[in-house]
Amino acid sequence: MSAPDDKTPPDSTDERDAKHDDPDSGAEQSSIASSDSRRSSDESADAAPSSTGGDVNPPGAEVTGSDTAADSAASESNDASEPPVVAATVDLEPPSSANAAAVRQRASKRPPAREVELGAAVVALFIVASAVMVLWNLQDASLENANTGSRYATIESLVDYGTYHIDKSRYVRTIDKMKVGKHYISSKPPTLPTYGAGVYWAFQKVTGYKIAKHEGAVVWFVSLCTSWLAHVVFLIYLYRLSKILLQRQLAIIGTVAAGGFAYLGVAYATAINNHSTSAALVIVGFYYACRVRHDRGASLRHWILSGLCFGYAFAVDLPTGATAFAAAVYLATYDWRRTLLFFCPAVLPGVLTHQLLNYAITGSMIPTYMNNELKDFAGNYFRHHRSGIDALKEPKHIYAFNALLGHHGLFSMTPIFCFSVWEIGRCIKLRTRLPEALWALAGVGAITAFFIFRSSNYGGWCVGMRHLVPVMALLVVFFGIWLDRVRITKAVWAAVLVAFAISGFHVQDGLTSPFQFSVWHNFLEGAPNRARVGKKWNLGKPESKSKRKSSSKKPKRKATSK
């Protein structure tokens, strides 16, 4: 007698008893059993009966009654005199262990090795392509850029004049400055410029170049060793984080593609800046935190590395301190003792670095751009001479709309993050991936609220809401989680491709210079070439034929000899 190929034999009494005794793993065992029984029944029809033995279950996987029942049915078709053998469910690990259940679930859904290798190759290609794209557009001048110029004022002053006072720097005319006594200082947090000064010092020792005479080479190399390097690290750790949180190879590839081509931090990585650098540190810190919660092989160094990254993310970009606090809660709900003993102390070096540098420069523990005493001087642009976009005094609801959906809109310029917000809300509602969702909600909500309610401008001339770049990095992760879960249909593909194309367009717009009016902003306000400094989109209207003819008829002036 032979068992039908399209049905699984009914559960035995031992199997039902085993399932009843292990309620925590019932759904998972049922899924694994049905999948394995289908595989064994297919093999019994197409291959020799002896091939449907213990090879179906990988080492370390659970052995269920359905598996052995299917095997015995296949054996019965070959030898009717041999009675079927039914085994009860064997639990290799305690059912109460959430980590063990997660490991078993990942093992049951692990894609084939060939698919993994192909996915890794595609990811590597995307990382290299994004890195080359940023490298091609690295900034090599900064005199006309107030934002980066403020940082290079500190870098030049530290190396060439041995002080944080920027009075002698060629970048002293930047508007992003404060005054301590009789001396000007940069208004930027000092940690990143101090690191940049170390890069410039090493470059000067090797080449002999000074920024006053070789600005292009110095600025390019400092940009390479700060923002470009941070961008490469961001992509590598985004991939590693995706391998922990995601199952589908398509979702892993899509996450890295979003981080490499549809996230505005890519554009800001072309110049020294705090936004994309702190975003990279946040992703690295989150990766190690996830290793702690999801990988049984995690060690104490993962707690320490996570804390170090979040601490220096704060030192580079102060509002990202919200992500450090959220990470502490994320880890404390898993193991509060190790959080207090290892994670929290590891955050301190970054925090102390900022505080000590700030005190050495200003004589105060208050962050520079929050210290009103340093803003009270005659030449302060932001207190006495604001103009243009910096002088707007919009109602908060108008400002919030423009920051989220308008001319600097987080979701209008990078609509792939609409899927991310949807997924965060869904995870919280259904309590799936709840710790990660709450961590992301806390970070995104705190940083966004801070800049909406504590700021009145959009970061000056810039492509997108540059202050929210660390928020965008968090949303890239949840775009991948959404892609990992959603059923891929033609409509979903169309929506993703349209959103990706719009986001990628604005990234390309910012690559030539993220510190300019975006094409989107100018389009909404009917000013197509307002304050454009980029190479690709700064094209004037073509001259009419009559103008070209009249200009060609003008006599050429003869060159005069001296």
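Trainee: So, the packing of helix α18 (residues 416-430) against helix α20 (residues 469-485): which residues are in play, and what are the values?
Mentor: At their nearest, the axes of α18 and α20 sit 7 Å apart, and the two run at 75 degrees to each other. The pairing of α18 with α20 is recorded here as roughly perpendicular in orientation. Contact with α18, carried on its side by I416, F417, F419, S420, V421, W422, E423, I424, R426 and C427, involves M472, L475, V476, F478, F479, I481, W482 and R485 of α20 and no other residues of that element. Split into classes, the residues belonging to the contact of α18 with α20 amount to 14 nonpolar, one polar and three charged.

Trainee: For the environment of V282, give the residues involved together with the corresponding values.
Mentor: Within the secondary structure layout, V282 lies in helix α11 (residues 274-294). What V282 contacts, discounting residues up to four positions off in sequence, is F310, A313, T320, T323, W439 and L474.

Trainee: So what about the pattern of salt bridges? Which residues, and what values?
Mentor: In the structure shown here, the tally under the stated rule is seven salt bridges. Across the pair E215 and R170 runs a salt bridge, and its minimum N-O distance is 3.5 Å. Note that E215 is positioned in helix α8 (residues 215-245) and R170 in the loop between α6 (146-161) and β1 (177-180), a separation of 45 residues in sequence. R170 sits in the partly exposed class, given a relative accessible area of 29%. Measuring nitrogen to oxygen at the nearest pair gives 3.3 Å for the salt bridge that ties D176 to K188. Taken together, the positions of D176 in the loop between α6 and β1 and K188 in the loop between β2 (183-186) and α7 (191-207) put the pair twelve residues apart, joining distant regions of the chain. Across the pair, K188 and D176 agree in class, each one buried. Taken together, the salt bridges that share partners define one network made up of E423, R426 and R485.

Trainee: Describe in detail the pairing of β1, supporting the description with residues and values.
Mentor: Each regular strand displays side chains that alternate between the two surfaces of the sheet. Where β1 lies against β2, four bridges are found, and the strand directions are antiparallel. From the neighbouring strand, K177 faces β2, where its bridge partner is S186. Taking the residues between adjacent antiparallel strands as the criterion, β1 and β2 are bridged by two residues, where G181 takes a positive phi near 65 degrees.

Trainee: Before we move on, can you summarise the nonpolar core with the specific residues and values?
Mentor: Judged by nonpolar contacts, the single largest core of 100 residues is most densely connected at Y263 and W439. Among the elements that take part in this core, α20 stands out by supplying 13 residues, more than any other. V199, V218, V219 and V316 belong to the second-largest nonpolar core, a separate cluster that totals 18 residues.

Trainee: For the side chain of T154, give the residues involved together with the corresponding values.
Mentor: One can find T154 in helix α6. You can call T154 buried: its relative accessible area is 4%. Discounting residues that sit within four places of it in the chain, T154 has contacts with Y164, I166, S186 and P193.

Trainee: Break down α11 for me, citing the residues and quoting the values.
Mentor: Across its 21 residues, α11 extends 30 Å between first and last C-alpha, which sits within 8% of the 30 Å expected from 1.5 Å per residue. Judged by how many residues are buried, α11 sits mostly within the fold: 20 of 21 residues are covered. Measuring from the side-chain oxygen of the N-cap residue of α11 to the backbone nitrogen of H275 gives 2.9 Å; that N-cap residue is N273.

Trainee: Give a description of unusual backbone geometry that names residues and reports values.
Mentor: Of note, R431 is a non-glycine position whose phi angle comes to about 60 degrees, a positive value. Note that R431 resides in the loop between α18 and α19 (434-454). Positive phi is not limited to glycine here, since R433 has a value of about 50 degrees.

Trainee: Which residues make up the packing of aromatic side chains, and what values go with them?
Mentor: With the rule as written, the count across this model stands at 22 aromatic pairs. The interplanar angle of 45 degrees and the centroid separation of 5.5 Å between the aromatic rings of W461 and F517 together place this pair among those described as tilted. Note that W461 is positioned in the loop between α19 and α20 and F517 in the loop between α21 (490-511) and α22 (519-524), a separation of 56 residues in sequence. With relative accessibility at 6%, the residue F517 sits in the buried group. Sitting over the face of the ring of Y184, K177 holds its NZ or CZ atom 4.5 Å from the ring centroid.

Trainee: How would you explain helix α5 (residues 113-136) if you had to name every residue and give the values?
Mentor: The terminal C-alpha atoms of α5, which comprises 24 residues, lie 35 Å apart, in line with the 34 Å expected from a rise of 1.5 Å per residue. For α5, the full list of buried residues reads G119, V123, I127, S130, A131, M133 and V134. For α5, the elements touching its buried residues are α8, α9 (249-261), α10 (265-268) and α21.

Cut-offs and rules
- Residues numbered from 1 in each chain as written.
- Predicted model: local features only at pLDDT ≥ 70, side-chain atom pairs only at ≥ 80, totals over all residues.
- Heavy atoms only, no water.
- Axes fitted to C-alpha atoms, helices over the stretch in contact; angles between N-to-C directions.
- Helix = DSSP H or I, 4+ residues; strand = E, 2+ residues; numbered from the N terminus.
- Parallel < 35°, antiparallel > 145°, perpendicular 65-115°, else oblique.
- Contact = heavy atoms within 4.5 Å.
- Nonpolar A, V, L, I, M, F, W, Y, C, P; charged D, E, K, R; others polar.
- Salt bridge = Lys/Arg side-chain N within 4 Å of Asp/Glu carboxyl O.
- Buried < 20%, exposed > 50% of the residue type's maximum accessible area, 1.4 Å probe, protein only.
- Pairing = 2+ DSSP bridges.
- Core = buried A, V, L, I, M, F, W, Y, C linked by side-chain atoms within 4.5 Å.
- Expected span 1.5 Å × (residues − 1).
- Polar contact = N/O pair within 3.5 Å; in protein donor to acceptor, adjacent residues only side chain to side chain.
- Phe/Tyr/Trp six-rings, centres within 6.5 Å; stacked < 30°, edge-to-face > 60°.
- Lys NZ or Arg CZ within 6 Å of the ring centre and 35° of its normal.

Shape descriptors only; they carry no functional weight alone.
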